[in-house]
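Summary of the model geometry
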Amino acid sequence: MTILITGGAGFIGSNFLYYLAENDPDFRLICLDNLSYAGNYTTISPLVQQEKLLFIKADVCDRNAVFSAFEETKPELVVHFAAESHVDRSISDPSVFLRTNVLGTGVLLDACRTFGVVRFHLVSTDEVYGDLPLNRPELLFTESSPLRPRSPYAASKAAADLLALSYFHTYGVPVTISRCSNNYGRFQYPEKLIPRMIARALNEQTLPVYGTGENIRDWIHVSDHCAAIKKILLRGTPGEIYNVGANCPCSNLQLVRRICGILGIPRERIVFVEDRKGHDLRYGIDARKLETSLNWRPKVDFTDGLQETAEWYIANHAWWEPLYPEADKGSLC
Ligand SMILES: NC(=O)c1ccc[n+]([C@@H]2O[C@H](COP(=O)([O-])OP(=O)(O)OC[C@H]3O[C@@H](n4cnc5c(N)ncnc54)[C@H](O)[C@@H]3O)[C@@H](O)[C@H]2O)c1
């Protein structure tokens, strides 16, 4: 099977490429990525050098480039990760989110419709559901929860989801969608909360936390997300949405305290800064559909995964250090 992965030079896409290269050597892997600020060719270049991956530098919004890539490589499976993914950037400049996340998804769907594919899988987010109250921990997002995106990022992802479903109903493109909670692990651009706090801690800087730090995120190790995507891609039902989550709720303050504990950093380094505009209070995923219908279960315990992730960033300074000065310039978490 030939599988085209968009956004494979980013955090989750690159982990997915390594996951497939290790577990499914028979797949022919193609990565299409424009190497935006969040894309890092050095992450995946070992796969290219070992001739396990063909890399195509292209923008998903460039119809000619995308159609040429489909014509040349004839993918049977497409997994669409490419996106602008940082909420804070979407608050300062929403326009590029509309372009990449909505129009880019439309171009790929048109290519799938024109050339025909066995599956188009869209990697979406739990943020399309909006947020949940802090004081009702029993409330979780299910696949039928209403879409109530609250940031331009989340709204652009919700628009992409709806567009993909419309191509399933209108043209019969075999679409599946996964909506996952917050991922952590290796290869994450250090503007995001966990690698940024680790990098700041290692650089002896303060650890800024938005507001009071009580906002809750539901964490999943990136390898568990990759395993879920593969199951949905190969065994999921076209037209269906699958929530992906590992039931690991943690407030931002608890998380940064845990990172302090792992790195042996005094908690006094934590400082509280002005809250993000429209900051979602809590995310919580009900992943029972995926568990019961496709027999998927998360494997990585949050404590072990966080420890392993911190150790990876300590051991791989050379990966994140060149990115860090730029990544540390933006908003805080
Ligand atoms: N990170 C998370 O916690 C999380 C959780 C749920 C869902 N998601 C979704 O998973 C996907 C991947 O997220 P990530 O954290 O790996 O993102 P990322 O920002 O690390 O990587 C995005 C990748 O897309 C590429 N890209 C951006 N614009 C492009 C364009 N116009 N054309 C081609 N390539 C382009 C970038 O170069 C980069 O390689 C996104 O769709 C995101 O919405 C992420």
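Residues numbered from 1 in each chain as written. Predicted model: local features only at pLDDT ≥ 70, side-chain atom pairs only at ≥ 80, totals over all residues. Heavy atoms only, no water.

Strand pairing in a sheet is mediated by backbone hydrogen bonds. Such pairs are either parallel or antiparallel. Taken together, three strands build an open sheet; the order of strands is β7-β9-β11 and the sheet is mixed. Two strands lie at the open edges of the sheet, namely β7 (182-184) and β11 (249-251), each paired on one side alone. Neighbour-to-neighbour, the strand axes of the sheet open up by a mean angle of 50 degrees, direction not taken into account. Sheet topology note: the β7/strand β9 (residues 216-221) ladder contains three bridges and is parallel. By the bridge assignment, Y184 is partnered in β9 with H221. Set on the sheet, helix α9 (residues 252-263) makes contact with β9 and β11; between it and β11 the angle comes to about 85 degrees. (Pairing = 2+ DSSP bridges. Helix = DSSP H or I, 4+ residues; strand = E, 2+ residues; numbered from the N terminus. Axes fitted to C-alpha atoms, helices over the stretch in contact; angles between N-to-C directions. Contact = heavy atoms within 4.5 Å.)

Moving on, we get to the packing of helix α7 (residues 193-202) against helix α11 (residues 302-315). Their axes nearest at 10 Å, the elements α7 and α11 cross at an angle of 55 degrees. Relative to α11, the element α7 is oriented oblique. As for how α7 packs across α11, the hand of that crossing is right-handed. Of the residues in α11, those touching α7 at I194, P195, I198 and L202 are L306, T309, A310, Y313 and I314. Of the residues assigned to the contact of α7 with α11, the class counts are eight nonpolar, one polar and no charged. (Parallel < 35°, antiparallel > 145°, perpendicular 65-115°, else oblique. Left-handed = near helix turned anticlockwise from the far one by under 90°. Nonpolar A, V, L, I, M, F, W, Y, C, P; charged D, E, K, R; others polar.)

With that out of the way, let us pick up the sheet that holds strand β4 (residues 77-80). What the seven strands build is an open sheet, ordered β3-β2-β1-β4-β5-β6-β10; its pairing is parallel. One side of each edge strand has no neighbouring strand; the edge strands of this open sheet are β3 (53-57) and β10 (241-244). Between one strand axis and the next, the sheet turns through 20 degrees on average, direction left out of account. Strands β1 (2-6), β2 (28-33), β3 and β4 of the sheet are contacted by helix α1 (residues 11-23), whose axis makes an angle of about 160 degrees with β1. The strands touched by helix α6 (residues 152-171) are β5 (119-125), β6 (175-180) and β10; relative to β5, the strand with the most contacts, the crossing angle is about 155 degrees.

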